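Descriptive structure summary
Okay, here's what each chain looks like letter by letter:
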Amino acid sequence: MRPSERGHKMLSFPAAGVILLLAWIYPSDSLYFHIGETEKKCFIEEIPDETMVIGKYRTQLWDKQTGSFLPSTPGLGMHVEIKDPDTKIILSRQYGSDGRFTFTSHTPGEHQICLHSNSTKMALFGGGKLRVHLDIQVGEHTNNYPEIAAKDKLTELQLRVRQLLDQVEQIQKEQNYQRYREERFRMTSESTNQRVLWWSIAQTVILIVTGIWQMKHLKSFFEAKKLV
């Protein structure tokens with residue numbers, strides 16, 4: 001066996017393991033949902049920092065005559081708005097009935113992806129509903145490896161190494177994000193425990209002060225009644 005073939009065989013097993021692990025961590029979220037004319041749908045996606053996200057969608061209108069969803073008319077489009085964990089708008093743009101949007105996260109955490117129709121014409125909806133097919137790809141899944149291989153003239157082995165490196169980089173980003181979440185959770189837990197401690201101390205002080213006040217009040221009452 002030639003060295004190049006031996007290297008190819010050795011890389012195939014860990015590469016497959018990394019692919020399975022990354023597919024579990026970052027699957028491609030493909031779904032569809034229904035919205036009305038003025039309805040707005042939002043989705044939460046947890047994304048590490050410096051991670052590319054690509055979203056693709058296509059719309060279909062409900063047709064009463066055929067009783068099924070048909071491709072949308074050209075005059076119907078969608079407005080896409082994306083907010084980072086600090087509720088800062090990082091993307092707000094109008095698209096057509098079929099569209100593709102791309103953004104890169106700069107802050108780790110929950111990103112809000114919202115879509116709604118940009119049409120105000122009831123004639124387009126006809127009192128029906130709109131079906132939106134949405135596919136969100138995160139991290140390494142956004143790379144078009146056949147196109148990269150053709151552009152950079154990579155061999156099959158070089159392309160597998162490139163995929164493996166991208167997957168390892170994405171796993172590192174995910175690990176960094178999990179450490180970030182763990183740190184935030186620890187800070188929240190410590191803050192909560194500290195507040196509970198101070199509240200317990202405050203309750204104890206209030207009880208002691210109340211007990212002293214009651215003792216003095218009772219003593220004054222008994223002295224006034226000449227019972228002591």
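Residues numbered from 1 in each chain as written. Predicted model: local features only at pLDDT ≥ 70, side-chain atom pairs only at ≥ 80, totals over all residues. Heavy atoms only, no water.

The chain is annotated in an unreviewed UniProt entry as GOLD domain-containing protein of Astatotilapia calliptera. Quoted straight from UniProt, the Sequence similarities (unreviewed entry) entry for the chain says "Belongs to the EMP24/GP25L family." (UniProt positions renumbered as here; feature names shortened; annotations may be inferred.)

Another point: a nonpolar patch on the surface. A cluster of nonpolar side chains, namely Leu197, Trp198, Ile201, Val205 and Val209, defines an oily patch on the protein surface of about 500 Å² accessible area. Counting through the fold element by element, Val209 comes out in helix α4 (residues 156-224). (Patch = residues over 30% accessible without salt bridge, like charges linked within 9 Å, V, L, I, M, F, W, Y side chains within 5 Å. Areas by Shrake-Rupley, 256 points an atom, 1.4 Å probe, with all protein chains shown as cover. Salt bridge = Lys/Arg side-chain N within 4 Å of Asp/Glu carboxyl O. Helix = DSSP H or I, 4+ residues; strand = E, 2+ residues; numbered from the N terminus.)

This part covers the pairing of strand β8 (residues 109-117). Alignment of strand β2 (residues 40-47) against β8, held across eight bridges, turns out to be antiparallel. Within β8, the residue paired with Phe43 across the bridge is Ile113. Looking at chain direction, strand β5 (residues 78-83) and β8 are connected through six bridges and run antiparallel. Pairing of Lys83 across the sheet is with Gln112, part of β8. (Pairing = 2+ DSSP bridges.)

What follows is about the UniProt feature "transmembrane region" (unreviewed entry) in the chain. UniProt records the feature "transmembrane region" (unreviewed entry) for residues 196-215 in the present numbering. Secondary structure across residues 196-215 comprises 100% helix and 0% strand; the distance between its end C-alpha atoms is 29 Å.

Enumeration according to the criterion identifies one disulfide in this entry. Disulfide partner of Cys42: Cys114, at an S-S distance of 2.0 Å. Measuring the twist about the S-S bond at about 110 degrees, one finds the Cys42-Cys114 disulfide to be right-handed. One end of the pair, Cys42, is in strand β2; the other, Cys114, is in strand β8, and 72 residues separate them in sequence. On the accessibility criterion, Cys42 (38% relative accessible area) is partly exposed. (Disulfide = S-S within 2.5 Å. Buried < 20%, exposed > 50% of the residue type's maximum accessible area, 1.4 Å probe, protein only.)

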